[in-house]
Amino acid sequence: MEFNKLVRIQLFPILQKYGFGIAEELKNIVRFQSSIMKVNVVFNDYDKSHFVEIGKHGETLYPLNDNAVKELFSSELSIEQVTLETFVQNLSLLFEQQKGIEMLKGNVDPLSNLIKQQAEYYTSELVGRQTLDTASKAWETNDYKTFIKIIDKIGVDKIPQSYQLKYKIAMQKL
């Protein structure tokens with residue numbers, strides 16, 4: 001069945017219960033709106049992926065992904081990498097649960113906090129890898145003083161064991 005039609009048949013009746021109407025409909029995109037909330041449901045035909053985002057009017061819309069479903073709903077239902085039918089069916093099931101109803105009524109704080117936490121974790125991991133790469137370059141050029149300085153900044157107890165061994169060697173070389 002065509003994406004928009006499937007969304008209108010299965011998901012829209014649930015959203016209507018909480019004051020949502022269809023604000024805009026384009027090919028493979030349905031935007032729902034209530035007096036305080038927005039929900040965008042999208043199918044990307046190019047890579048056959050699905051996307052849903054939710055948020056309050058005038059604020060950031062947050063993506064609802066499999067990780068968020070697992071964390072917030074304590075559910076193994078998947079809304080990514082599934083068929084169109086499964087995506088819409090699982091999204092409908094989620095919005096019928098208490099947590100989903102709370103989101104539709106405007107409580108997006110748990111989702112917002114989770115997305116922000118994920119972004120902070122990702123950034124932290126990225127910076128950590130970049131810092132270790134810098135330390136590795138210092139090690140490769142026998143710049144032990146810089147290597148030690150970088151590792152001290154990170155914390156010896158927070159680095160992989162191979163770097164801990166290099167740290168001990170670098171300390172002995174100075």
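This text goes with the structure placed above it.
Residues numbered from 1 in each chain as written. Predicted model: local features only at pLDDT ≥ 70, side-chain atom pairs only at ≥ 80, totals over all residues. Heavy atoms only, no water.

## Re the pairing of strand S4 (residues 49-56)
Link 1 in the chain: Across 8 bridges, strand S3 (residues 37-44) lies against S4 in antiparallel orientation. Its bridge partner lying in S4, Val39 is registered against Ile54.
Link 2 in the chain: The hairpin turn running from S3 into S4, its antiparallel successor, is 4 residues long, and Lys48 in that turn takes a positive phi close to 55 degrees.
Link 3 in the chain: Alignment of S4 against strand S5 (residues 62-63), held across 2 bridges, turns out to be antiparallel. Bridge pairing in S5 links Glu53 to Pro63.
Link 4 in the chain: Turn length for the S4-S5 hairpin, with the two strands adjacent in sequence and antiparallel, is 5 residues, and the turn residue Gly58 shows positive phi of about 75 degrees. (Pairing = 2+ DSSP bridges. Helix = DSSP H or I, 4+ residues; strand = E, 2+ residues; numbered from the N terminus.)

## Quick word on empty space enclosed by the protein
Once rolled over the atoms, a probe with the size of a water molecule shows which space is left empty.
Link 1 in the chain: Summed over the entire model, instances satisfying the criterion amount to 1 cavity of 30 Å³ or more.
Link 2 in the chain: Here the largest cavity defines a volume of roughly 40 Å³.
Link 3 in the chain: What lines the largest cavity is simply Leu72, Lys99, Glu102, Met103, Asn107 and Pro110.
Link 4 in the chain: With 3 residues, helix H4 (residues 98-104) is the largest single contributor of residues to the lining of the largest cavity.
Link 5 in the chain: When grouped by side-chain class, the residues that make up the lining of the largest cavity number 3 nonpolar, 1 polar and 2 charged. (1 Å grid on protein atoms, 1.4 Å probe; cavity = no way out; pocket = protein on both sides within 12 Å on 5 of 7 lines; lining within 4 Å. Points joined across faces, edges and corners; volume = space filled by probe spheres on them. Nonpolar A, V, L, I, M, F, W, Y, C, P; charged D, E, K, R; others polar.)

## Points about the nonpolar core
Link 1 in the chain: In this structure, Phe32, Val41, Leu64 and Phe95 are the most contacted members of the largest nonpolar core, which totals 36 residues.
Link 2 in the chain: At the level of secondary structure, the elements contributing two or more residues to this core comprise helix H1 (3-16), strand S2 (29-33), S3, S4, helix H2 (66-73), helix H3 (84-96), H4 and helix H5 (109-140).
Link 3 in the chain: At 7 residues, the largest contribution of residues to this core is made by H1.
Link 4 in the chain: Those residues within four positions of Val41 in sequence are excluded, and the remaining contacts are Phe3, Val7, Leu11, Asn28, Ile29, Val30, Phe32, Phe51, Val52, Phe87 and Leu91. (Core = buried A, V, L, I, M, F, W, Y, C linked by side-chain atoms within 4.5 Å. Buried < 20%, exposed > 50% of the residue type's maximum accessible area, 1.4 Å probe, protein only. Contact = heavy atoms within 4.5 Å.)

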